[in-house]
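Topology and contacts: notes
Letter by letter, the chains look like this.
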Amino acid sequence: MNPLLSQLQPYPFERLRNLFEGVTPNPAYRPISLGIGEPKHATPQFIQDALAADLATGLSGYPPTAGTPALREACAGWLQRRYGVAVDAATQVIPVLGSREALFSLAQTVIDPTRAGATVVCPNPFYQIYEGAALLAGAQTHYVASDPARNFAPRWDMVADEVWARTQLVYVCSPGNPTGAVMPLEEWQLLFELSDRYGFVIASDECYSEIYFQGEPPLGGLQAAAALGRTDFRRLVMLTSLSKRSNVPGMRSGFVAGDAQVIKPFLLYRTYHGSAMSPVVAAASIAAWGDETHVEDNRRRYREKFARVTPMLETVMDVRLPDAAFYLWAGVPAAWKGSDTDFARELLAQYNVAVLPGSYLARDAGGANPGRGRVRMALVADTDECVEAAERIVHFIQSKA
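What this report covers is the structure whose coordinates are included nearby. Bear in mind the structure is a predicted one, so any value in this text is a computation, not a measurement.

Digging into the overall build of the protein
- Of the regular secondary structure elements, the protein holds 15 helices and 13 strands.
- Its C-alpha radius of gyration of 21 Å places the protein within 12% of the 21 Å reference for a compact globule of 401 residues.
- When its C-alpha atoms are laid out on the principal axes, the protein stretches across 60 × 55 × 45 Å.
- Counting over 401 residues, the protein shows a buried share of 56%.
- In the protein, the share of contacts with a sequence separation of at least 24, taken over all contacts with a separation of at least 6, comes to 75%.
- A total of about 16,200 Å² of accessible surface is found on the protein, and carbon and sulfur atoms cover 52% of it.
- In the protein, 36 side chains carry a positive charge and 41 a negative one; their mean positions are 3 Å apart.

In structure tokens:
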């Protein structure tokens, strides 16, 4: 067996199952889960229709790893409309099977494990695929803690020069999971300057970019690069997905775009890895990337949920409306003495609501776990269910006071 597999930590949801083992939820309440960030809104009918229409002919041949020209053009067209950036659909775009597999396989392409101290830098808390991708590529990880004083944005400026000197890949998540923080242009500029100095690749995970609550849409990595005159997107790729934008997590469809010098070897890796998108999924994806009406409706539904739930929870928890994404990153009240795990277990037992302990989404670094004492709540169910969950959480906390 690959010895690197022994370095992988249990996934947060496996840890959550273990945490809840032996807990008997109060049968007086129906179960409500805010623990898993899985979209629950219905898949738009026109996407279902596009997928079904291609079934007759779309399954009879092997799909190209690079995707069809029509799909790559659809992705490039969306980038132009959404961010105002132009990419070459033939050399700077690759369709992928959702952002998760691409985030993982990109590290296998970029990392040179023969270089001493090969390092991947990622935010903390973070999406655990970043860590697993780094470890299985033969690299070590360096975690950059989020800063509560800066809306939980990572402190890239606190990373030491000796760490940057051995860094080969940086994962950026903006809007962030679990915090919802969006990176401003000045932080992108800092990372670009560091990339120029030390030669690392930046992977910008943007799968939550279309769920935001106020003001302008979140700034994207390619958009930031273009604004700073970096129109070749050197050492930068962005990754996005239809899962959250279009409520199709089961389709496993997204794309990667950016520096052609990174995209080319990435395509080579994927050719051997066997990561080609089904033509049936590609047809539905073309339809989805070409429509914004359903995205606007989806955003409206999230805004309604957050507008109702956030003020309720603000009365009993340290929580605020995030910049974007569909999570609330809430501080556990003092009665639980900073134990996010105790809070989660007791809430499930007494009120049958599941939330994810923040410490499960972070790692101990610098003597602290930046997720400890917080919980992540995914407001993915319908509005009434999320409001009911919030009401139960308020009663739960007030009963402890």
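Let's talk about the environment of glycine 180
- Looking at the element boundaries, glycine 180 is found in the loop between β6 (167-173) and α8 (185-198).
- The exposure class assigned to glycine 180 is buried, which follows from its relative accessible area of 1%.
- Each C-alpha atom of the pair glycine 180 and alanine 90 lies 32 Å from the other, and the pair is 90 residues apart in sequence.
- The contact partners of glycine 180, leaving out residues within four places of it in the chain, are Pro175, Pro322, Asp323, Ala324 and Ala325.

Considerations on the nonpolar core
- Counting 51 residues, the largest nonpolar core has Leu34, Leu313, Met317, Phe343, Val355, Met377 and Ile393 as the members making the most contacts within it.
- Taken together, the elements giving at least two residues each to this core come down to α1 (12-20), α13 (293-314), β10 (327-331), α14 (340-351), β11 (353-354), β13 (374-378) and α15 (383-400).
- Ignoring any residue separated from it by four or fewer positions in sequence, one finds phenylalanine 343 in contact with Met317, Val332, Pro333, Trp336, Val355, Val375, Ile393, Phe396 and Ile397.
- Counting 45 residues, the second-largest nonpolar core is a separate cluster that includes Val93, Val163, Met183 and Val281.

Concerning the sheet that holds strand β7 (residues 201-205)
- The sheet built from eight strands is open, its strands ordered β2-β9-β8-β7-β6-β3-β4-β5 with mixed pairing. Across the chains shown, the open sheet's two edge strands, defined by having one partner strand only, are β2 (93-96) and β5 (153-154).
- Examined bridge by bridge, β6 and β7 share five bridges and lie parallel to one another. Counterpart to leucine 169 in the pairing with β7 is valine 201.
- Taken strand by strand, helix α4 (residues 69-83) contacts β2, β8 (236-241) and β9 (254-258), and its axis lies near 110° from that of β2.
- Of the strands in this sheet, β5, β6, β7 and β8 touch α8, which is tilted by about 150° from β7.

Notes on the sheet that holds β13
- One open sheet accounts for three strands, arranged β10-β13-β12; its pairing is antiparallel. Across the chains shown, the open sheet's two edge strands, defined by having one partner strand only, are β10 and β12 (356-357).
- In the sheet, β10 pairs with β13 via five bridges, with the strands oriented antiparallel. Residue pairing for β13: alanine 330 is matched across the bridge by valine 375.

Parameters at a glance
- Residues numbered from 1 in each chain as written.
- Predicted model: local features only at pLDDT ≥ 70, side-chain atom pairs only at ≥ 80, totals over all residues.
- Heavy atoms only, no water.
- Helix = DSSP H or I, 4+ residues; strand = E, 2+ residues; numbered from the N terminus.
- Rg over C-alpha atoms; globule rule 2.2 N^0.38 Å.
- Buried < 20%, exposed > 50% of the residue type's maximum accessible area, 1.4 Å probe, protein only.
- Contact = heavy atoms within 4.5 Å.
- Areas by Shrake-Rupley, 256 points an atom, 1.4 Å probe, with all protein chains shown as cover.
- Lys, Arg positive; Asp, Glu negative; His and termini not counted.
- Charge placed at Lys NZ, Arg CZ, Asp CG, Glu CD.
- Core = buried A, V, L, I, M, F, W, Y, C linked by side-chain atoms within 4.5 Å.
- Pairing = 2+ DSSP bridges.
- Axes fitted to C-alpha atoms, helices over the stretch in contact; angles between N-to-C directions.

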